[in-house]
Amino acid sequence: MSLAGEAVVAPAPEAAAPARPRAGAPRANPLLVLIVTGMVVALGSLGFVSAAPNRIVSGKPLALWVAVEPGVAALVAALVVALGASALIRSGVWRDRLIALIAAALLVASLLAAAHAAGLVAAASGPVARTSLGAAFWIVAAGAAFALADAVGRLAPHPLAQSAIAAAVVGALLALAASGALSDLSLAREFANRRAAYGAEMLRHLALVGGALAAALPIGTLLGLLALRRPGWRKPLFAVLNLIQTIPSIAIFGLLIGPLSALSGAFPGLRALGIGGIGAAPAVIALTLYGLLPVARGAFTGLASVPPAVIDAARGMGLDERQILRRVSIPLALPILVAALRVVVVQLTGLTVVAALIGAGGLGVFIFQGLGQTATDLILLGALSAIALALVFDLALRSLGELIATGERP
Amino acid sequence: MSDIASGHTRPPAGALARLAARPAVWASLAFAAALMLLPYSGPLFHALFPDLPRPLYTRASFLDLALSHAGLVGLASLVVVSLGIAIGIFVTRPAGRDFAGPVDTLTAVGQTFPPTAVLALAVPAIGYGGAPTVIALIVYGLLPVVSATIAGLGAVPAAPVQAADGIGLSPAGRLVKVELPLAAPVILSGIRTSVILNIGTATIGSTVGALTLGSPIIEGLSGSNPAYVLQGALLVGLFAVATDLWFDELERALH
């Protein structure tokens, strides 16, 4: 606990200069001071890892300096202190670079320290012993990830640059996992036990999202066009689409089971195609219904944002309605359309987690299996994978949107 | 709720007729009717699902499920609204301006997280039952409210703010009398998003041991009892739709 004195010297945020110094004004980073204080408190009072004699029993929390060798603990502590010290540097590009570097190092070091602790536990208590990541680890890792993201956000505001940095960090973590350095952690063991199933469910998740998109994009776009062309239909149309979004996903999934099983009962040919009350069919239908609102709203607002004068000019040049749509309206509306695509992809990725409850598969399988078996690391495996997938889609489509926007600006 | 809200200019009509014109009233009546009639619908579900030995969910009364569901969402929403608006106000004041960027990033990134994943993550942290559900609802529900409060306060035009300063209002007075009323519609839409999302997430909460209207659905799915699924889905759908329509009314009243 030698580090406690170091970070408690946090200056009160309100003590900042009274006259609103804006960009470039030299001052400390109060948020980072707060984060580092939280890390210090967490490392001092909570378990860094928790060790259990087997998979199902809940573990006993071990503090950082109990769990690992003194040298490793000192390294993590030193990085936390360094992060706190860099928060006090007066602002500048170099401060953010330093913060990003230390935060990334801390992220990797805390993961390695946890894996090291897991190795010690395995050596002491045998191969069935499980070592899970503890609360202090999560607070330090989340704090470091956030400090990294915050610093990078200021250093490289462009989403493409952020994607590149995110890819580098994720790549480093994946390389670490692939090297086998983390294999004693319970989370890695859950993954190793299900390597084949994991790949299959991930593909299944993507297929469900893809299937729903394949239906929602054309139907939703048509509905958006309809709203644009028929102002009288606009209100009732969006009211209905909004109503669908209001109904909890599991209720829609459930409500589709009855009609679909009746259908497949009446027409055995459908069952041969795999369409039935449970499984992929109700999931894709429900996900499509959810996707309609964001797609239709995006298509409508995007196309409505095209200035009428531009369309008049195109018409004057002799383009017909279809050509106007394809060559003028859609290219001009593209940024809004891509933003809508991002919203719908991220939303569907999240909703597909629930589809596991109706036997459709996907990453939710691990979450609900884990909940059923009280296997926390299996829950974590599913939940973290779903979050990562949503983040990847979000960042990728944000980058695409930015590419399009910069492509348009000469 | 605000100075603007009192400006109704509806044509004078019978109070009952005005009530009957509101879909929110109808949806609420349908929800209440379903809650009251479902316990007596055994014969109906028996006719619909002749193969099921016990076609009516009886492990808990539907009223208890609805009250527990509404209680979880209500409790979470109470915290979410007070804390979310407070955070939104804080980061738009000079003292909290340093936190505005990071909070903005955090809410944007957080909203891409699948709600079910957030709910599931609460279990390793807290355990099973109602508590992790409420915590997850609070954490997830905060995001839309915070971002709407920031957006709403940020969109207040400069003129009324300067006018408020001009007539000598204190910063607190300006916030309460000018900025918050002007930002109210945006903030309300954030609260709406949060509450509706949380009604849905609370439904999944029955997989982590909370008692909600999702309990018959989850039990019906795991036990191959489509009647339970139908009963739960009907109730939770009506509950969500009625709540959403009341927000419609509230928004109309604010404008």
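Thoughts on the overall build of chain B
A count of helical and extended segments in chain B gives eleven helices and zero strands. Seen in sequence order, chain B has helices and strands lined up from the N terminus as α-α-α-α-α-α-α-α-α-α-α. When the backbone C-alpha atoms are referred to their principal axes, chain B occupies close to 75 × 55 × 20 Å. Buried positions account for 51% of the 255 residues belonging to chain B. For chain B, restricting intrachain contacts to residue pairs at least 6 apart in sequence, the fraction spanning at least 24 positions comes to 75%. Split by element, the accessible area of chain B, about 11400 Å² in all, is 71% carbon and sulfur. Counting 11 positive and 12 negative side-chain charges, chain B places the centres of these two groups 6 Å from one another.

Regarding the packing of helix 14 (residues 308-316) of chain A against helix 15 (residues 321-355) of chain A
Residue and element names in this part refer to chain A. Look at helix 14 against helix 15: their axes get within 10 Å of each other, and the N-to-C directions meet at 145°. Seen along the crossing, helix 14 lies across helix 15 with a hand that is right-handed. Facing helix 14, whose interface residues are Val310, Ile311, Ala314 and Arg315, helix 15 presents Glu321, Ile324, Val328, Ser329 and Leu332. A per-class count over the contact of helix 14 with helix 15 returns six nonpolar, one polar and two charged.

Side note on unusual backbone geometry
The backbone of threonine 374 of chain A shows a phi angle near 45°, a positive value even though the residue is not glycine. One can find threonine 374 of chain A in the loop between helix 16 (364-373) and helix 17 (376-408). In this model, serine 224 of chain B sits at a positive phi of 50°, which is unusual for a non-glycine residue. Its place among the elements puts serine 224 of chain B in the loop between helix 10 (214-222) and helix 11 (226-254). Accessibility expressed as a relative area gives 57% for serine 224 of chain B, which makes it exposed.

Some remarks on the interface of chain B and chain A
On the side of chain A, 39 residues touch chain B, which itself brings 37 residues to the contact. Where chain B abuts chain A, roughly 3300 Å² becomes buried across the two surfaces, and 80% of that area is made up of carbon and sulfur atoms. Three residues stand out in chain B for area buried against chain A, namely Asp98, Phe99 and Thr112 of chain B, and they jointly supply 16% of the buried area on that side. For the pair chain B and chain A, the interface holds zero salt bridges. At the surface where chain B touches chain A, the tally comes to three residue pairs in polar contact (both at pLDDT 80 or more). Of all the elements, helix 11 of chain B adds the most residues to the side of chain B that touches chain A, at eight residues. Here the side of chain B that touches chain A is composed, by residue class, of 27 nonpolar, six polar and four charged.

A closer look at helix 15 of chain A
All names here are of chain A. For helix 15, built from 35 residues, the straight-helix expectation of 51 Å at 1.5 Å per residue is missed by more than 12%, its first-to-last C-alpha distance being only 40 Å. The principal kink in helix 15, of about 60°, is found at leucine 334, preceding the proline proline 335 by one to four residues. The backbone nitrogen of arginine 322 has a side-chain oxygen 3.2 Å away, supplied by the residue at the start of helix 15, namely aspartate 320.

Focus on the domain arrangement of chain A
Residues and elements named next belong to chain A. When its domains are assigned, chain A resolves into domain 1 (4-185) and domain 2 (195-408). Once you take the C-alpha centre of each, domain 1 and domain 2 turn out to be 35 Å apart. Listed per partner, the contact involves ten residues of domain 1 and 13 residues of domain 2. Of the roughly 900 Å² buried at the junction of domain 1 and domain 2 (both faces included), carbon and sulfur atoms supply 61%. For the domain 1 face of the interface with domain 2, the top three residues by lost area are Arg55, Pro159 and Leu160, together amounting to 42%. In this structure, the connection of domain 1 to domain 2 is made through zero salt bridges. Linking domain 1 with domain 2 are two residue pairs in polar contact (both at pLDDT 80 or more), by the criterion used here. With five residues, the top contributor of residues to the side of domain 1 that touches domain 2 is helix 7 (residues 159-178). Looking at the side of domain 1 that touches domain 2 residue by residue, the classes come out as five nonpolar, four polar and one charged.

Details of the nonpolar core
Residues and elements named next belong to chain A. Counting 178 residues, the largest nonpolar core has Phe48, Leu83, Leu106 and Leu241 as its most contacted members. Both of domain 1 (4-185) and domain 2 (195-408) provide at least three residues apiece to this core. Each residue touching phenylalanine 48, except ones within four places of it in the same chain, is listed here: Leu43, Leu62, Ala63, Leu64, Ser110, Ala113, Ala114, Leu133, Gly134, Ala136 and Phe137. Counting nine residues, the second-largest nonpolar core is a separate cluster that includes Ala314, Leu319, Val328 and Ala333.

What to know about the sheet that holds strand 1 (residues 49-52) of chain A
Residue and element names in this part refer to chain A. The strand order across the open sheet formed by three strands is 2-1-3, and the pairing between neighbours is antiparallel. The open sheet has two edge strands with one neighbour each: strand 2 (60-62) and strand 3 (130-133). Across the sheet, the mean angle from the axis of one strand to that of its neighbour is 30°, orientation sign disregarded. Two elements, strand 1 and strand 2, share three bridges in a ladder whose sense is antiparallel. Paired with serine 50 across the bridge in strand 2 is proline 61.

Examining the confidence of the model for chain A
Residues and elements named next belong to chain A. Summary statistics for chain A give a mean pLDDT of 85 and a share of 90% for residues scoring 70 or more. When the elements of chain A are averaged for pLDDT, helix 1 (residues 4-7) gives the smallest value, 35, and helix 9 (residues 195-229) the largest, 94. Contacts from residues 1-26, a stretch scored under 50 in pLDDT, to residues over four places away or in other chains number 25 contacts.

With respect to a nonpolar patch on the surface
Residue and element names in this part refer to chain A. On the surface, a nonpolar cluster with roughly 230 Å² of combined accessible area is contributed by Leu160, Leu400 and Leu403. Here leucine 160 lies in helix 7. Here leucine 160 falls in the partly exposed class, since its relative accessible area comes to 34%.

Considerations on the side chain of glutamate 251 of chain B
Mapped onto the elements of the fold, glutamate 251 of chain B is located in helix 11. Among residues more than four places away in sequence, those in contact with glutamate 251 of chain B are Leu188, Ser189 and Arg192 of chain B.

What to know about the pairing of strand 3 of chain A
Residues and elements named next belong to chain A. Covered by surrounding structure in strand 3 are Arg130 and Ser132 together with Thr131 and Leu133, the residues of both alternating faces. With four bridges connecting them, strand 1 and strand 3 associate as antiparallel partners. Within strand 3, the residue paired with alanine 52 across the bridge is arginine 130.

Side note on the packing of helix 4 (residues 62-92) of chain B against helix 9 (residues 171-204) of chain B
All names here are of chain B. Packing of helix 4 against helix 9 brings their axes to within 9 Å, and their N-to-C directions diverge by 145°. In the packing of helix 4 onto helix 9, the handedness of the crossing is right-handed. Only Leu175, Leu180, Ile187, Ile191, Ser194, Val195, Asn198, Ile199, Ala202 and Thr203 of helix 9 make contact with helix 4, whose side of the interface consists of His69, Val73, Ser77, Val80, Val81, Ile85 and Ile89. Considered class by class, the residues forming the contact of helix 4 with helix 9 number twelve nonpolar, five polar and no charged.

Rules behind the numbers
Counting of residues starts from 1 at the beginning of each chain's written sequence and follows it residue by residue. Each chain gets a letter, beginning with A, and each ligand a number, beginning with 1, in the order they are written. In view of the model being predicted, local features appear only for residues whose pLDDT reaches at least 70, and side-chain atom pairs are presented and counted only at 80 or more, with totals across whole chains, interfaces and linings using the full set of residues. Side-chain metrics rest on all non-hydrogen atoms present in the structure, leaving aside hydrogens and water. For helices the rule is a DSSP run of H or I covering at least 4 residues; for strands it is a run of E covering at least 2, with both sets numbered from the N terminus onward. Classification of residues uses two cut-offs on accessible area relative to the type maximum, computed with a 1.4 Å probe and protein chains only: under 20% is buried, over 50% is exposed, and between them is partly exposed. Here, two residues are considered to be in contact whenever any of their heavy atoms come within 4.5 Å of each other. Computed with the Shrake-Rupley method and a 1.4 Å probe, the accessible areas treat only the protein chains shown as cover for residues. For the purpose of charge, His is not counted, nor are the chain termini; Lys and Arg are scored as positive and Asp and Glu as negative. Charge coordinates come from a single atom per side chain, which is NZ of Lys, CZ of Arg, CG of Asp or CD of Glu. To obtain each axis, a line is fitted to C-alpha atoms, and for helices this fit is confined to the stretch in contact; angles are then taken between N-to-C directions over 0 to 180 degrees. Note on convention: the crossing is left-handed when the near helix lies turned anticlockwise from the far helix by less than a right angle, right-handed when the turn is clockwise. Charged residues are taken to be Asp, Glu, Lys and Arg, nonpolar residues to be Ala, Val, Leu, Ile, Met, Phe, Trp, Tyr, Cys and Pro, and polar residues to be all remaining types, Gly included. For any pair of parts, buried area is found by adding up, for both, the accessible area (1.4 Å probe) each one loses once the two are put together. Whenever a carboxyl oxygen of Asp or Glu lies within 4 Å of a side-chain nitrogen of Lys or Arg, that contact is scored as a salt bridge. Nitrogen and oxygen atoms within 3.5 Å of one another constitute a polar contact, given that in protein one can donate a hydrogen and the other can accept it, and given that sequence-neighbouring residues count only through two side-chain atoms. Helices are assigned an expected span. That span is 1.5 Å times one less than the residue count. Note that bend, as reported per residue, equals the angle between axes fitted to the 7 residues terminating at that residue and the 7 residues originating from it. Here the bounds of each domain stem from an automatic or database domain assignment. In this description, a nonpolar core means a group of buried Ala, Val, Leu, Ile, Met, Phe, Trp, Tyr and Cys residues linked to one another through side-chain atoms lying within 4.5 Å. Whether two strands pair depends on DSSP finding at least two bridges between them. The quantity known as pLDDT measures the predictor's confidence residue by residue, on a range of 0 to 100. A patch consists of residues whose relative accessible area exceeds 30% and which take part in no salt bridge; residues with like charges are grouped when within 9 Å of each other, and nonpolar side chains (Val, Leu, Ile, Met, Phe, Trp, Tyr) when within 5 Å.

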